[in-house]
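Survey of secondary and tertiary structure
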Amino acid sequence: MAYSLGQEISRHQLLYKSKTPPWKETYRNRCRERLRKERQALFESFRSSGEACHNEQQLRCSVTKVVREELDKFSFSSSPPSASLITTNAENTVPEAPWDEAQVNEELMEETLAALIEEELIVWQQYEDMIALQNQEVAAAVHMWSSELVACPVCLKNDLEKEGENIICACGLAIPTALSLKEFRVSIERVVEAHSLRCRSFLSFSFIKTYEPALVCLCNNCDFMSSVL
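Residues numbered from 1 in each chain as written. Predicted model: local features only at pLDDT ≥ 70, side-chain atom pairs only at ≥ 80, totals over all residues. Heavy atoms only, no water.

Let's talk about the pairing of strand S6 (residues 204–208)
The test is simple: The buried label applies to any residue whose accessible area, calculated with a 1.4 Å probe on protein chains only, is under 20% of its type's maximum; exposed applies above 50%, and partly exposed to all values in between. Only DSSP runs of H or I reaching four residues or more are called helices, and only runs of E reaching two or more are called strands; each is numbered from the N terminus. Here a strand pair is declared whenever DSSP counts at least two bridges between the two strands.
Along S6, the buried face is formed by Phe205 and Phe207; none of Ser204, Ser206 and Ile208, which line the opposite face, is buried. Inspection of the sheet shows S6 paired to strand S7 (residues 214–218) by five bridges, in the antiparallel sense. What sits directly across from Phe205, in S7, is Cys217.

A few points about the sheet that holds strand S8 (residues 225–227)
Within a sheet, neighbouring strands are paired by backbone hydrogen bonds and run either parallel or antiparallel to one another. Applied cut-off: Lines are fitted to the C-alpha atoms to define the axes, a helix being fitted only along its stretch in contact, and any angle between axes, read from their N-to-C directions, falls within 0 to 180 degrees.
Across the sheet, which stays open at both edges, the three strands sit in the order S6-S7-S8 with antiparallel pairing between neighbours. Lying at the two open borders of the sheet, with one neighbouring strand each, are S6 and S8. Each strand of the sheet is rotated relative to its neighbour by a mean of 25°, with strand direction disregarded. Pairing geometry for S7 and S8, over three bridges, is antiparallel. Paired with Cys217 across the two strands is Ser226, which belongs to S8.

Some remarks on empty space enclosed by the protein
Space left empty within the atom packing is revealed by a probe, the size of a water molecule, rolled over the atoms. Put simply, the rule is: Here a cavity denotes a set of grid points, spaced 1 Å apart and computed over the protein atoms alone, in which a 1.4 Å probe fits but from which it cannot get out, and a pocket denotes an open set meeting protein on both sides within 12 Å along at least five of seven lines; residues with an atom within 4 Å of a point are reported as lining. Grid points are joined across faces, edges and corners, and a volume is the space filled by probe spheres set on the points.
With the rule as written, the count across this model stands at one cavity of 30 Å³ or more. In terms of lining, the largest cavity is formed by Leu35, Glu38, Arg39, Leu42, Leu59, Ser62, Val63 and Glu120. Of the residues forming the lining of the largest cavity, the biggest block, four residues, is contributed by helix H2 (residues 22–49).

A short note on the side chain of Thr112
Our working rule: Throughout, a contact is declared for two residues whenever any of their heavy atoms are within 4.5 Å.
Relative to the elements of secondary structure, Thr112 occurs in helix H4 (residues 101–146). If sequence neighbours within four positions are ignored, Thr112 has contacts with Tyr27, Arg28 and Val67.

Brief notes about the nonpolar core
As a reminder of what qualifies: Here, nonpolar core refers to any group of buried Ala, Val, Leu, Ile, Met, Phe, Trp, Tyr and Cys residues whose side-chain atoms link them within 4.5 Å.
One finds Leu160, Leu173, Phe184, Leu203, Phe205, Leu215 and Phe224 to be the most contacted residues of the largest nonpolar core, which totals 22 residues. Among the elements of the structure, helix H5 (181–196), S6 and S7 are those that each provide at least two residues to this core. Per element, the largest residue contribution to this core is four residues, and it comes from H5. For Phe184, the residues in contact, after removing those within four places along its chain, are Val150, Pro153, Leu160, Ile167, Ile175, Leu179, Leu215 and Leu229.

Some remarks on the environment of Leu133
Looking at where Leu133 falls in the secondary structure, it is placed in helix H4. Sequence-wise, Leu133 and Leu156 are 23 residues apart; in three dimensions their C-alpha atoms are separated by 9.8 Å.

Examining the pattern of salt bridges
Selection criterion: When a carboxyl oxygen of Asp or Glu lies within 4 Å of a side-chain nitrogen of Lys or Arg, that pair is called a salt bridge.
Tallied over the full model, the rule gives 11 salt bridges. Between Arg34 and Glu70 there is a salt bridge whose closest N-O contact spans 3.2 Å. Taken together, the residues span a long stretch of sequence, with Arg34 in helix H2 and Glu70 in helix H3 (residues 52–77) at a distance of 36 residues. Like Arg34, the residue Glu70 is buried in the burial classification.

Okay, structure coming up:
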């Protein structure tokens, strides 16, 4: 019996008739979980290589490998929903149209690969920014404790200067105090040492302009907070 083209619904169309079928999301989540577990070791290898172009290429290869291997595992452990016959009315049935499973798998892999590579690149950039900030803080601490100069605890870039009754920095910091630079440095070291006894994270410093201006430090890891001046 003849039937219209509108009745010819292939299995491929059934698989993709909703935006994100449950089985597809399960597959993606498996990929994400495996990438999360392997991420630290991969990022550490990036740091040792130091070549941004090579790192991005290696990341893409790593994600591609995971996506392909997880698709192979997923194909063995489960299968997408199927429809052998579509009933159009009480008398007519439409046989399943032929479909290419390899093509469906390839399309699924490419779609998942594009999304996960973008996610991993964002995470990698966040990781790089965090490492850069930590290195900057370490360099500032070493500079502060190994020279006669006093690094600005707020911007971590410039050296402080004493100008009249203020301790100033090129970043705009201006602290009204009678302390000398040496005394100011000792005050900072005292607070840093007190914090280091309970936590190994870095302190962040900020200057609060109120009725009584104050230089305060805060640790986002242990909630340590103290006033330097």
